[in-house]
Each structure stands twice: as structure tokens, then as C-alpha cells.
Amino acid sequence: MIPNDIKLLDDNELVRQYHAGVAMAFEELAERYHTFVLNICFRFLNDENDAKDAAQDIFVKVHFALNKFKPEAQFSTWLYRIAVNHCLNVLRSRKRKKWLLVFSGYSGDNKEYIDNIKDMKNNPEHHFDRKEKQQAINQALASLNDDYRTAVILHRYQGLSYKEISEVMGTSVSSIESKLFRAKKKLAELLKDYLKN
Amino acid sequence: MKKIKTKLSAYLDGELDPEQVKEIELRINQNPELRSEYKRLKQVYSLLQREERTLTDPFFTTRLNVRLQQVRRAKKMTLWRYFWSRRILLSASVIAGLIVGMMLGVEIQDKILKTENPENHEIAQKYFGGKVLSTIPEGSITENYIKLSGQVK
């Protein structure tokens, strides 16, 4: 199969091609979805390097689990579900091991660190204000329960509709509606110092 | 009221159909409490939006291919290591199997009673299913057993 032809195929056809022995089909799937998965991981883990590692782990998992994928399902939904579960497991393992503080601001990202230093030199007050706000938001998100946090990340940062989130999380649209409402209420409570009256 | 507040959140997310949108907008205009709740939720979301940052990795698929090769190699190694780590157990099992096999063989051979004495045919019939061959091998387990039990003539 010619590489250009592969780009025209839909996800499920790519999965079929992969099962038929076309190795490029999996590369194309990874090419299509890696940015999305990377950003889901980044939102959950709040660390660039951890997010990159987690995204790689997710695609390795997907590669070896492709034979379990049911063709009647949507590939993207199946992939997001694996991604979300993987991130939640990483967070649980972090908590268990107490290696890192979840959502605690700077955690080893050099670029972010350099940007912070530049920002601090140019505009010290603004820098601390922004940094503090960012930490508060991260902490507020981290304090939400897994379901609320997943719904907020998938909707607010990844732009998924309620229906898509309900498919990823295996629940109803009305349940997502209520989860997001409660999550926003909780966030409003936690971030009340940063809200204008 | 709680239900309408939940709908307020969906309205903010652009998840309502046109009719529901009309209804919510009407309610927001009429109800100050709902209006303030709407403003609060809107502010929360704009706060979250501030921190939007998108990660990219131009070499993702290249790294993934290398990683997949490593994982495949590791899986093969794991299989080999599994058998290698159990080599002592495997050798022991083979030796034990051979010993058991030999003992069974001796026992079966021994059970084929070899005798020329016709009087022993009855005993052979009784104890060994009538498999009477030429002679009882000197000092075989069967011979000793029969002698001890005093049945050999």
C-alpha cells in the first residue's frame, strides 16, 4: 500500500489493514492521535516528560491490544479510554509511592523553567501572580475526584463533546452533564479567591 | 432549581439544543440568582482557559517504533529467560521421568511371569493374568515374592 493511500483511510479501516499485515497502518494511527493523547497525559500528569513517557506507554499498550479492539466500536473512543485509565493509574501510583506532588507546579521541565526565569526578570509581580494562580488551579483540579477531573480535562482542554466523554467514560450524557456541573461548582469554591465579585 | 443550574452548565458548554438555549436565556434574564451563578461558572472556565498549553512531539512515531522494537525484543528475551531460569527444574523433571519410566519397565517385565513349571501356571493365572513365558529370571522380584509366599513348586 502506498503511504498516501494510507492517509485516506478511516481509523477502523487502518486497524483492519494492520491486522492484514500492513505495519504502516499503526504508524498512521499513532501519527493521527499522538498529539491528542500527549495532551491528555499532560493535563492529568502536569509534567511534560511524564506526559511524553505516558503517551509512549499508551501507544505500546494499544499496539499489543489491537487484536482486542472490536471493529464496531470507534477507535478514538477506545484509545481515549485507554489513555485516561493509564493516566489515572500513573497518578494513583504516584500517590502510593509519594515520589512527586501531583499538580505542584514546576517539576523538571527545563523550557518551562527558563520561561519562568525570563518572566520573573521582566515582570516579577506578574510572574508571581501568574505562578500562584497556576498552582492554585492545578491544585484545585488535582483535588477533584477522578470522574470530575476526567470530565473537565476531556471537555475543557481536549474539546470533547458530552456524548464523546460519555462514551469514553462509559456512562450516560446526563451523568456527564451533572458531573461537569458539580466539578465547576467545586472549582468555583476552591478558586473563589481568584474570581471577580 | 438544581436541574436548571445543571442545564446552565451545559448551556455554558454549548451542549443544549436551540429550544433549551432560548429557555435558559429567558431564565437567566428573569432570575438574578441564576444570573450570578452563570457568571460564576463562566469565570471558573475562563480561569481554566488561561492555562491552556499544547504539547507537541515531532519525533513521537520514530521514538514509538524504537520503543516497540525494544518491547518485542524484551518479550522474546522474557520467554527465553523463563525457560533458562527453569533449566534446573527441567533437568530434574527429565531425570525423574527417566527413573520412573525405568522402574515401570522393570515392573512390567517382572509381571510377565516366566516359568516352565506347569504347576505354576495356576499361580500365574491367579496373580499375573496368565502371562506365562519361558523361565522366571533368577532373583527377579516376582520369583522372590512367589518363593517367599511359598507358592512356587
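Reading the values: rules and limits
- Residues numbered from 1 in each chain as written.
- Chains lettered and ligands numbered in written order.
- Predicted model: local features only at pLDDT ≥ 70, side-chain atom pairs only at ≥ 80, totals over all residues.
- Heavy atoms only, no water.
- Helix = DSSP H or I, 4+ residues; strand = E, 2+ residues; numbered from the N terminus.
- Buried < 20%, exposed > 50% of the residue type's maximum accessible area, 1.4 Å probe, protein only.
- Contact = heavy atoms within 4.5 Å.
- Areas by Shrake-Rupley, 256 points an atom, 1.4 Å probe, with all protein chains shown as cover.
- Core = buried A, V, L, I, M, F, W, Y, C linked by side-chain atoms within 4.5 Å.
- Buried area = accessible area lost by both parts, 1.4 Å probe.
- Salt bridge = Lys/Arg side-chain N within 4 Å of Asp/Glu carboxyl O.
- Polar contact = N/O pair within 3.5 Å; in protein donor to acceptor, adjacent residues only side chain to side chain.
- Nonpolar A, V, L, I, M, F, W, Y, C, P; charged D, E, K, R; others polar.
- Expected span 1.5 Å × (residues − 1).
- Axes fitted to C-alpha atoms, helices over the stretch in contact; angles between N-to-C directions.
- Parallel < 35°, antiparallel > 145°, perpendicular 65-115°, else oblique.
- Left-handed = near helix turned anticlockwise from the far one by under 90°.
- Phe/Tyr/Trp six-rings, centres within 6.5 Å; stacked < 30°, edge-to-face > 60°.
- Lys NZ or Arg CZ within 6 Å of the ring centre and 35° of its normal.
- pLDDT = per-residue confidence, 0-100.

**Some points on the overall build of chain A**
What chain A contains, in helices and strands, is ten helices and zero strands. Secondary structure of chain A in N-to-C order comes out as α-α-α-α-α-α-α-α-α-α. Counting the 197 residues in chain A, one finds 53% classified as buried. If you take every contact in chain A between residues at least 6 apart in sequence, the share linking residues at least 24 apart comes to 56%. Accessible area for chain A stands at about 10,100 Å²; split by element, carbon and sulfur atoms hold 50% of it.

**What about the nonpolar core?**
Residue and element names in this part refer to chain A. Counting 81 residues, the largest nonpolar core has Cys41, Phe44, Phe59, Val62 and Phe75 as the members making the most contacts within it. Looking at which element gives the most residues to this core, the answer is helix H3 (residues 24-45), with 13 residues. In contact with Cys41, other than residues within four places in its own chain, are Asn46, Ala51, Ala54, Ala55, Ile58 and Cys87.

**With respect to the interface of chain A and chain B**
Of the residues lining the interface, 46 residues belong to chain A; the matching set on chain B comes to 36 residues. Taking both sides of the interface into account, the surface hidden between chain A and chain B amounts to around 4,100 Å²; carbon and sulfur atoms contribute 60%. Taken together, the links from chain A to chain B amount to three salt bridges. Residues Arg67 of chain B and Asp57 of chain A are paired through a salt bridge, measuring 2.7 Å at the closest nitrogen-oxygen approach. Put simply, chain A and chain B have 14 residue pairs in polar contact (both at pLDDT 80 or more) between them. Listed by contribution, the elements that provide at least two residues to the side of chain A that touches chain B are H3, helix H4 (48-65), helix H7 (124-143), helix H8 (146-157) and helix H10 (173-190) of chain A. Tallying contributions element by element places H4 of chain A first for the side of chain A that touches chain B, with eleven residues. A breakdown of the residues in the side of chain A that touches chain B according to their chemical character gives 21 nonpolar, nine polar and 16 charged.

**Let's talk about H4 of chain A**
If you check H4 of chain A, its first and last C-alpha atoms are 26 Å apart, about what 18 residues at 1.5 Å a residue would give, namely 26 Å. All buried positions along H4 of chain A are accounted for by Glu48, Ala51, Lys52, Ala54, Ala55, Gln56, Ile58, Phe59, Val60, Val62, His63 and Ala65 of chain A. Elements that come into contact with the buried residues of H4 of chain A comprise helix H2 (11-19), H3 and helix H5 (75-97) of chain A together with helix H4 (60-85) of chain B. Measuring from the side-chain oxygen of the N-cap residue of H4 of chain A to the backbone nitrogen of Asn49 of chain A gives 3.1 Å; that N-cap residue is Asp47 of chain A.

**Quick look at the packing of H3 of chain A against H4 of chain B**
H4 of chain B packs onto H3 of chain A with a crossing angle of 130° between their chain directions and a minimal axis gap of 10 Å. Overall, the two elements H3 of chain A and H4 of chain B adopt an arrangement that is oblique. Considering only the axes of H3 of chain A and H4 of chain B, their crossing is right-handed. Listed contacts from H4 of chain B to Phe26, Glu27, Ala30, Glu31 and His34 of chain A of H3 of chain A are Phe60, Thr61, Leu64, Asn65 and Leu68 of chain B. Class assignment of the residues belonging to the contact of H3 of chain A with H4 of chain B gives a composition of five nonpolar, three polar and two charged.

**Observations regarding the packing of aromatic side chains**
Summed over the entire model, instances satisfying the criterion amount to nine aromatic pairs over all chains. Where Tyr33 of chain A meets Tyr80 of chain A, the ring centres are 6.3 Å apart and the plane angle is 75°; that geometry is what we call edge-to-face. Residue Tyr33 of chain A is located in helix H3, and its partner Tyr80 of chain A is located in helix H5; the two are separated by 47 residues in the primary sequence. The two residues Tyr33 of chain A and Tyr80 of chain A agree in class, both being buried. Where Phe69 of chain A meets Trp78 of chain A, the ring centres are 5.1 Å apart and the plane angle is 50°; that geometry is what we call tilted. The ring of Tyr157 of chain A is capped by Arg43 of chain A, whose NZ or CZ atom sits 4.2 Å from the centre of that ring. Positioned above the aromatic ring of Phe64 of chain A is the side chain of Lys75 of chain B, whose terminal nitrogen or guanidinium carbon lies 3.9 Å from the ring centre.

**A few points about the confidence of the model for chain B**
In the predicted model, chain B carries a mean pLDDT of 77, and the fraction of residues at 70 or more is 66%. Within chain B, the element-level pLDDT minimum falls on helix H7 (residues 141-148) of chain B, averaging 58, and the maximum on helix H2 (residues 18-30) of chain B, averaging 93.

**Thoughts on the pattern of salt bridges**
This structure, assessed with the given rule, holds 16 salt bridges over all chains. Across the salt bridge formed by Glu48 of chain A and Lys52 of chain A, the nearest N and O atoms sit 3.6 Å from each other. In this pair, Glu48 of chain A and Lys52 of chain A are both assigned in helix H4, four residues apart and thus about one turn of the helix distant. Of the two residues, Glu48 of chain A and Lys52 of chain A, neither departs from the other in class, the shared state being buried. The partner of Arg27 of chain B in a salt bridge is Glu23 of chain B, with the nearest N and O atoms 3.8 Å apart.

**Remarks on H4 of chain B**
A rise of 1.5 Å per residue sets the reference length of H4 of chain B, with its 26 residues, at 38 Å; its end C-alpha atoms lie 36 Å apart and thus fit the reference within 8%. Among all positions in H4 of chain B, only Phe60, Thr61, Leu64, Leu68 and Val71 of chain B are buried. On its buried face, H4 of chain B sits against H3 and H4 of chain A.

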